Amino acid sequence: MRYAETGFQLEVDLSRGSIDKVETDPKDTALFLGGNGMDAKILFDRVPPGTDPWSPDNLLIFGNGLLNGTCVPGANRVSVNTIAPVNGLFGHSLMGGFFGAEMKMAGYDRIIVKGEAPDLVYLAIHNDKVEIRDARHLRGKGMYDTQRLIQEELGDKRAWVAAIGPAGENRVMTASIDCGNSSAARTPGPVMGAKKLKAIAIRGTKDVNIAHPKEMWEMCSRLRKELDANPNIGDWMAVDEDDSFHHNNFAWGNARVRRKTFWSSSLEERWRNLKYDHMSRQTGCWNCPKACHNVIKWPNRRRFSYKCYGKDTYHMASFQELDFTYEILGVSQDLGFDSYSTPQLIAFALELLDAGILTEKDFPGMPSDTRQRFYYMLNIIANREGIGDVLAHGISGAAAIIGNGAEKFDHNTVKKFEQLPIKLGKLNPAYFLMIATGEDMAITQIEGSFPQDPIADDEMREEFIRKWVAVPDKKFHEYFRQWKKRDELPAKAMIEITDWNECMHYLDDSLGFCGFVSSFRGQFGGTTGYHVWNMPQIITHATGWEFDKDRLWECFQRNRTLIRALNSRLGLRRFMERPPEDHWAVRNEKYEQQLLTQYYDFKGWTWDGIPTKETLEKLGMGYVAEDLIKRGVLTGNDVTALNDDRGKEQFKEEVLQKGA
Ligand code: SF4
């Protein structure tokens, strides 16, 4: 019997019309856990480099976290992965809500979609009954209607429907896949569109087996109460009305303008009233005691929900106030847009217009009012009309097509992905490493375990350290003790902090944990939901495998290294690992490059950031090394970055200075 996982994956080839329920190898789960890790293995094994991301040979994988669908509270994230058309690298997205648990109860650990349907279809899954159904009547329909109509067709209001809107159908780079109040943003939407797959409807009624049910139930019951009572858990921005952090510190418009004194108490009061006058309720994801999603009913709009910074992106991109987000967000979601990157894309286009790089002729019939312009832009991008067809490539892609200086306005992307509009005075070295080297393509998916700022007061700092349960090793106490200024910690400490931050996210993404109950929360000290001390016991109770912190850490290293190897094979190299040029007012290129070299070396990667044969073999992935050697990505005799002549050269000056 398989525990926690079902032991089966659903493989659908839309070109052939085939549906296969395939038994998986439990040895793979023991190595890669689930979610992101297993998805990366499948992409590495089955999608050869050179495959066009738009082609039927690309895969779209909905991978359940290992613990999804069990009684573990807050475990519900599905990793939705593919090869991303925007940059040809590993494309990763996370979807919360209920889809993952329903998939597990239908009997599947993941759904792998291959091929391209002859015309628009949707997949209907009810336990073992799986059908590819005609969806031509759903063409051009928004998310809300698609979900409702499919539920009606299936006669099952309890089916969860993950769907794309017109933006996804038209392969817009900023399209997302939505399911209820959750979405998989930032890359899989356009691939789903390319496969002509409008939606996946899923309903499951099976049990999920647990190895130690009694112990598991006791542990999870306790954890659930703790999560519920812990104010650090969940998205407190759903309930806390003070959002000065985003508005004063993040950049407005096309990620350029800081308004450091925007927030005020009268604004806070006004926005609080606006929210509670229009909020129907708060809700959350599968088996989580928190309710992070605010459900808003705005006049003449359909009900929609948001969480976290998602409520700010539209009004900040357009220099408006919260009422504009409330007015437009549901419309944007219905069209199937990601609400993080799309407003930046629109602000980018309007900046090009202001700069004269685009002209009024590019926007025929566009209203003069800013708010109406945003609606206009949503429609032309979703339907690829006129300049909307160019903007559908995302900021980097559009800038390259438009040319004529437009490239300079593409200033907030990493590896062609729009980033959060963070602007800081000074470099935070750990953040430099995370944003430059992250495979997750967004800083929000990497930060979290170590505080973002030091604590100046000695007593308060010691108190924080005493209560900080998530720390995997006492050396992090010391680092925090030594830390006085944001950019002043030895490189070794910064690299180990980055490693820990990464570790938690990679574990969350393979086990299914929401970052709000785990990786984001270690930084606030005290008791957090999940950490490297309680995760092993949960896995043991769920699966029956003996697990400890070291084995868990190795799983993280394996998944991180595999995804890096996959990306190396797809062409990722050192020169691409740069944060947006204006993320920090003060840059120190030499220091950043030295830090990058030391980080690569720590990870067992070459000067170019490719895992060496030895590193891969140590993690049981000799076959990956062989593949990279066969393809000429590695030679087989590669050394890690600091042992490379270029690495030695980089530090020569310092060594000479020290010697003098
Ligand atoms: S903490 Fe919030 S976002 Fe995370 S699983 Fe719970 S309800 Fe969902």
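The rules behind the values
Counting restarts for each chain, with residues numbered from 1 along the sequence as it is written. Residues qualify for local features only when their pLDDT is at least 70, as the model is predicted, and side-chain atom pairs are given and counted only at 80 or more; totals for whole chains, interfaces and linings, by contrast, use all residues. Strands are runs of DSSP state E lasting at least 2 residues, helices are runs of H or I lasting at least 4, and numbering of each runs from the N terminus. Our radius of gyration is a C-alpha quantity, and the globule rule it is checked against amounts to 2.2 Å times the number of residues to the power 0.38. Buried residues are those with 20 or more other C-beta atoms within 10 Å of their own C-beta, exposed residues have 12 or fewer, and partly exposed residues lie in between; C-beta atoms are placed from the backbone. As a rule, any residue with its backbone-derived C-beta atom within 6 Å of a molecule or strand is reported as near that molecule or strand. Throughout, the ten residues Ala, Val, Leu, Ile, Met, Phe, Trp, Tyr, Cys and Pro are labelled nonpolar, Asp, Glu, Lys and Arg are labelled charged, and all others, Gly among them, are labelled polar. The nonpolar core is taken to be a set of buried Ala, Val, Leu, Ile, Met, Phe, Trp, Tyr and Cys residues joined by way of C-beta atoms within 7 Å. Throughout, a residue-residue contact means that the two C-beta atoms, derived from backbone geometry, are no farther apart than 7 Å. Axes, fitted as lines to C-alpha atoms, cover a helix only where it is in contact. Angles between the N-to-C directions of the axes lie from 0 to 180 degrees. By the definition adopted for this analysis, an angle is roughly parallel if under 35 degrees, roughly antiparallel if over 145, roughly perpendicular if from 65 to 115, and oblique otherwise. Helix crossings fall into two classes, left-handed where the near helix is turned counterclockwise from the far one by less than a right angle and right-handed where it is turned clockwise. By convention here, the domain bounds are inherited from an automatic or database domain assignment. Paired strands, in this sense, are two strands between which DSSP finds at least two bridges. One fewer than the residue count of a helix, multiplied by 1.5 Å, yields its expected span. Here, the arc refers to the directions that run from the helix axis to the C-beta atoms. For every residue, the predictor assigns a confidence score, pLDDT, that lies between 0 and 100.

1. Remarks on the overall build of the protein
The secondary structure content of the protein amounts to 25 helices and 19 strands. Rg of the C-alpha trace for the protein: 24 Å, near the compact-globule value of 26 Å for 660 residues, within the 12% margin. Projecting the C-alpha coordinates of the protein onto the three principal axes gives extents of approximately 75 × 60 × 50 Å. Scored against the burial criterion, the 660 residues of the protein give a buried share of 54%.

2. Some words on the site of the ligand
Taken together, 14 residues lie near the ligand, and Gly-284, Cys-285, Cys-288, Cys-292 and Cys-514 sit nearest. Of the residues in the shell around the ligand, the class split is 7 nonpolar, 5 polar and 2 charged.

3. So, the nonpolar core
Counting residues in hydrophobic clusters, the biggest one holds 188 residues, and the most contacted among them are Tyr-122 and Ala-201. Take this core: its biggest share by element is 9 residues, from helix H19 (residues 491-511). Residues in contact with Ala-201, not counting those within four places in the same chain, are Tyr-122, Ala-124, Ile-125, Ile-150, Leu-154, Ala-159 and Val-161.

4. Digging into the packing of helix H12 (residues 341-354) against helix H15 (residues 394-402)
Contact pair H12 / H15: the axes reach a minimum separation of 9 Å and the direction vectors enclose 25°. Classified by the angle their axes make, H12 and H15 are roughly parallel. Both H12 and H15 take part in a crossing whose hand is right-handed. Of the residues in H15, those touching H12 at Gln-344, Leu-345, Phe-348 and Leu-352 are Gly-394, Ile-395 and Ile-402. For the contact of H12 with H15, the residue count by class is 5 nonpolar, 2 polar and no charged.

5. Topic: the domain arrangement of the protein
One can read the domain layout of the protein as domain 1 (8-203), domain 2 (216-418) and domain 3 (429-659). Elements with a minimum of two residues in the side of domain 1 that touches domain 2: helix H4 (143-154) and helix H5 (166-169). Top contributing element to the side of domain 1 that touches domain 2 by residue count: H5, with 3 residues. When its residues are assigned to classes, the side of domain 1 that touches domain 2 shows 16 nonpolar, 14 polar and 2 charged.

6. With respect to the sheet that holds strand E5 (residues 90-95)
In spatial order, the strands read E2-E1-E6-E3-E4-E5; together these 6 strands make up an open sheet with mixed pairing. Each having just a single partner strand, strand E2 (18-23) and E5 make up the two edges of the open sheet. Looking at each pair of strands side by side, their axes are set apart by 15° on average, direction ignored. The sheet contact formed by strand E3 (residues 60-64) and strand E6 (residues 110-114) spans 4 bridges and is antiparallel. Bridge pairing in E6 places Leu-60 opposite Val-113.

7. Some thoughts on the sheet that holds strand E17 (residues 304-306)
Judged by pairing direction, the sheet is antiparallel, and its 3 strands sit side by side in the order E15-E16-E17 without closing on themselves. Edge positions in the open sheet fall to strand E15 (279-283) and E17, since each of these has one partner strand only. Between one strand and the next, the sheet's axes are offset by a mean angle of 25°, whatever the strand orientation. Relative to E17, strand E16 (residues 293-296) runs antiparallel, the two being bridged by 3 bridges. The partner of Val-295 across the bridge, within E17, is Ser-305.

8. What to know about helix H7 (residues 213-229)
With 17 residues, H7 should reach 24 Å at 1.5 Å per residue; the first-to-last C-alpha distance of 24 Å fits that figure. Restricting attention to buried positions, one finds in H7 the residues Met-216, Cys-220, Leu-223 and Leu-227. Projection of H7 onto a plane perpendicular to its axis shows the buried side chains occupying an angular sector of 65°, all on one side. More than 90 degrees from the buried face of H7, the exposed residues found are Lys-214, Glu-218, Ser-221, Arg-222, Lys-225 and Ala-229. Buried-residue contacts for H7 involve helix H20 (535-543).

9. Side note on the pairing of E6
Strand residues, when the strand is regular, have side chains that alternate between the two faces of the sheet. Within E6, 5 of the 5 residues are buried, leaving the element largely enclosed by the surrounding structure. Direction of pairing for strand E1 (residues 8-13) relative to E6: parallel, over a ladder of 5 bridges. When the sheet's bridge partners are listed, Leu-10 is paired in E6 with Ile-111.

10. Section: the confidence of the model for the protein
Detailed reading of the predicted coordinates is not advisable wherever pLDDT falls low. For the protein, the average pLDDT comes to 94, and 98% of its residues sit at 70 or higher. Taken together, the stretch residues 656-660 has pLDDT below 50 and engages in 0 contacts with residues farther than four places along the chain or on a different chain.

11. As for helix H16 (residues 429-437)
Note on helix geometry: an α-helix contains 3.6 residues per turn, so any two residues three or four positions apart are oriented the same way. For H16, the buried fraction is high: 9 of the 9 residues fall into the buried class. Of the positions making up H16, those classed as buried are Pro-429, Ala-430, Tyr-431, Phe-432, Leu-433, Met-434, Ile-435, Ala-436 and Thr-437. Elements that come into contact with the buried residues of H16 comprise strand E18 (413-414), H19 and helix H22 (589-603).

12. Description of the environment of Asn-254
Note on placement: Asn-254 falls in the loop between strand E13 (251-252) and strand E14 (257-258). Taking the number of C-beta atoms within 10 Å as the measure of exposure, Asn-254 has 25 and is therefore buried. In the structure, Asn-254 is positioned 155 residues away from Phe-409 in sequence and 8.1 Å away in space, judged by C-alpha atoms.

13. What about the packing of H19 against helix H21 (residues 549-569)?
Where H19 contacts H21, the axes come no closer than 9 Å and their chain directions differ by 85°. What the angle tells us is that H19 and H21 run roughly perpendicular. Residues Glu-502, Cys-503, Tyr-506, Leu-507 and Ser-510 of H19 form the contact with H21, whose own contacting residues are Leu-552, Trp-553, Cys-555, Phe-556, Asn-559 and Arg-560. Residue classes in the contact of H19 with H21 are distributed as 7 nonpolar, 2 polar and 2 charged.

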